[in-house]
Amino acid sequence: MTASGNGPLAGVRVVELAGIGPGPFAAMHLADLGADVVRVDRPGGAGLGIDPARDLTNRGKRSVLLDLKTDEGRARTLDLVEKADILVEGYRPGVAERLGVGPDACLARNPRLVYGRMTGWGQDGPLAERAGHDIGYIAVTGALSMVGEADRPPVVPANLLGDYAGGSLYLVIGVLAALQHARSEGGRGQVVDAAIVDGAAHLTTMIHGMMAAGGWQDRRGANLLDGGCPFYGTYETADGEYMAVGALEQKFYDEFITLLGIADEVPARKDFGRWDELREAVAARFKSRSRAEWTAVFEGSDACVAPVLGLREAAAHPHLAARSTFVDHGGVTQPAPAPRFSATPGALTRPPALPGAHTADVARDWGVDLTAPQEDR
C-alpha cells in the first residue's frame with residue numbers, strides 16, 4: 001500500500017471563523033488530517049494575547065484577514081463559504097447571524113456546506129446566552145465532581161476534559177459525519193451544534209452505566225477508576241516525583257505487589273475493609289526510592305506502572321520517541337497529528353498561520369477575489 005502523505009482529508013476545504021479555544025483546536029485537527037483550512041482572522045486579533053507564531057492550534061492552516069463587520073468582509077467570506085465543504089465558528093448564539101454569516105446565509109450560498117458550531121452551552125437552553133468556560137461546563141455535567149480526592153475539592157483537569165475532549169473532538173466527529181451525509185446520494189448540508197456540555201456529558205456514559213448497576217458511588221475518590229482504589233492511582237516517590245499505578249486485573253496486580261516488594265505484607269486486594277491499610281503500605285514503599293529507580297524496577301513488566309512525566313519530559317520517553325509521538329516543527333516541540341493512517345498519513349505542513357499571511361495564495365487556490373473590493377451582495 002502506497003502512502004500519499006496528504007492525509008485522509010486531502011481535498012476537503014474548511015473555513016474557520018477566528019475564535020479561541022475549542023474551535024481553533026478542532027480546525028487544527030482537521031488540518032492535521034490533510035484538510036485545507038483557511039482561517040478568517042479579524043483585524044486586531046482574537047483577543048487571547050498569545051504570540052501568533054507560537055499558537056500551535058493554528059498550525060497547518062492558512063489565514064486571510066477580513067472584517068466581518070463590513071459589507072466587503074462579509075461578502076468575501078461568503079465567497080469562501082461557497083467554495084468550502086465545512087465551516088467552523090465558535091461565537092455565542094446569534095452572533096454569526098448578526099454578522100451575516102449564519103447558517104441561513106451560508107447554506108443559501110452553498111447548500112452542501114457543513115456548518116459546525118462550537119459553544120459551551122449549545123445553541124438553545126436557559127444558559128445558551130451566558131458566558132462560560134471549560135470549568136463551568138464540566139461542573140454542571142457531573143464530570144468535574146469525579147476528579148480529585150475524597151473529602152477534598154474537585155481538581156481542575158486543565159481544559160482538556162471540557163474544551164478539547166467534550167468540545168473540539170465532538171465537533172470534529174460531527175462535521176465529518178455530516179460531510180459524509182452531504183456527499184452521499186440525496187445528501188445535503190446541515191448545521192452541527194457541538195456543545196461542550198453535551199460532549200462532556202456523553203463522555204460519562206460508562207460511569208452512568210456503572211452507577212445504575214450499583215458499581216459506582218456518586219462521590220469522589222470512592223471508586224475503582226477515580227483514585228478510590230489503592231491499586232489505581234498515583235504515589236509520591238523519594239525525590240518528590242510520582243508514579244502512576246493501574247494494576248486492575250489480578251495477574252497485573254500480583255506482578256505489581258511482587259515487584260514493589262510487599263506481596264507478603266499486605267491484605268488481599270478484595271478485602272475492601274482494609275484498602276486504607278493497603279494504600280498506606282503501597283505509599284510507604286514508593287517513598288523509599290526515586291522515580292527513576294522505580295521506573296527501572298517496573299521496566300518491561302506487565303504491572304501497569306508508569307512514571308508521571310512533565311510536559312517537557314514526555315517527548316523524551318523511549319516509547320513516545322520511538323513512535324515520534326512528539327515532533328519538532330519550526331523549532332517547537334509539539335504533539336504529532338493523531339490518529340495514524342496507513343495509506344494517507346497526516347503531517348505537519350506549515351507553522352502557525354500568521355493573520356492575513358496567505359491572502360494571495362488562498363485567492364489563487366480557491367478562485368476567490370480577496371484583494372480587490374467587491375460590490376455588496
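Residues numbered from 1 in each chain as written. Predicted model: local features only at pLDDT ≥ 70, side-chain atom pairs only at ≥ 80, totals over all residues. Heavy atoms only, no water.

**A closer look at the sheet that holds strand S1 (residues 13-17)**
This is how the line gets drawn: Any two strands with at least two DSSP-identified bridges between them are counted as paired. Segments assigned H or I by DSSP are reported as helices when at least four residues long, segments assigned E as strands when at least two residues long, and all are numbered from the N terminus. Where helices are involved, their axes are fitted lines through C-alpha atoms of the stretch in contact, as for all axes, and angles between N-to-C directions lie from 0 to 180°.
Sheet architecture is open: six strands sit in the order S3-S2-S1-S4-S5-S6, paired in parallel fashion. Looking at which strands have only one partner, the edges of the open sheet turn out to be strand S3 (62-65) and strand S6 (190-195). Neighbour-to-neighbour, the strand axes of the sheet open up by a mean angle of 20 degrees, direction not taken into account. Two strands pair when backbone bridges link them, and strand S2 (residues 36-41) and S3 are joined in this way by four bridges, in the parallel orientation. Looking across to S3, one finds that Val40 is bridged to Val64.

**Notes on the sheet that holds strand S7 (residues 232-236)**
Here we have three strands laid out as an open sheet, ordered S7-S8-S9, and antiparallel in their pairing. Where the open sheet ends on each side, the last strands, each with one partner, are S7 and strand S9 (305-307). Each strand axis lies, on average, 20 degrees off the axis of its neighbour in the sheet, ignoring direction. Direction of pairing for S7 relative to strand S8 (residues 242-246): antiparallel, over a ladder of five bridges. Its bridge partner being in S8, Glu236 is matched across the sheet by Tyr242.

**Points about unusual backbone geometry**
Negative phi values dominate among residues other than glycine, just as trans dominates among peptide bonds. In the segment running from Ala338 into Pro339, the intervening peptide bond is cis, with an omega of -5 degrees. Of note, Pro339 is situated in the loop between strand S11 (332-335) and helix H14 (359-366). Residues other than glycine seldom take positive phi values, yet Cys304 does so here, at roughly 60 degrees. Along the chain, Cys304 turns up in the loop between helix H11 (291-298) and S9.

**Comments concerning a nonpolar patch on the surface**
Formally: Like-charged residues within 9 Å of one another, or nonpolar side chains (Val, Leu, Ile, Met, Phe, Trp, Tyr) within 5 Å, are grouped into patches, provided each residue has over 30% relative accessible area and no salt bridge. For every accessible area listed, the method is Shrake-Rupley and the probe measures 1.4 Å; residues are considered covered only by the protein chains on display. Between Lys or Arg on one side and Asp or Glu on the other, a salt bridge is scored when a side-chain nitrogen of the former is within 4 Å of a carboxyl oxygen of the latter. Exposure categories follow from relative accessible area, calculated using a 1.4 Å probe and restricted to protein chains: below 20% of the type maximum is buried, above 50% is exposed, and the middle band is partly exposed.
A cluster of nonpolar side chains, contributed by Met206, Leu224 and Leu225, occupies part of the molecular surface with about 250 Å² of accessible area. Classification of Leu224 as partly exposed rests on a relative accessible area of 36%.

**As for the pattern of salt bridges**
Applying the stated criterion to the full structure yields 19 salt bridges. Salt-bridge contacts for Arg76 lead to Glu72; the nearest nitrogen and oxygen are separated by 2.9 Å. In this pair, Arg76 and Glu72 are both assigned in helix H2 (residues 71-83), four residues apart and thus about one turn of the helix distant. One salt bridge in this structure joins Arg364 and Asp365, with 3.0 Å as the shortest N-O distance. Arg364 gets classed as exposed once you look at its relative accessible area, which sits at 58%. Asp365 gets classed as partly exposed once you look at its relative accessible area, which sits at 34%. Taken together, the shared-partner salt bridges connect Asp36, Arg62, Asp361, Arg364 and Asp365 into one network.

Just distances and angles here, no functional claims.
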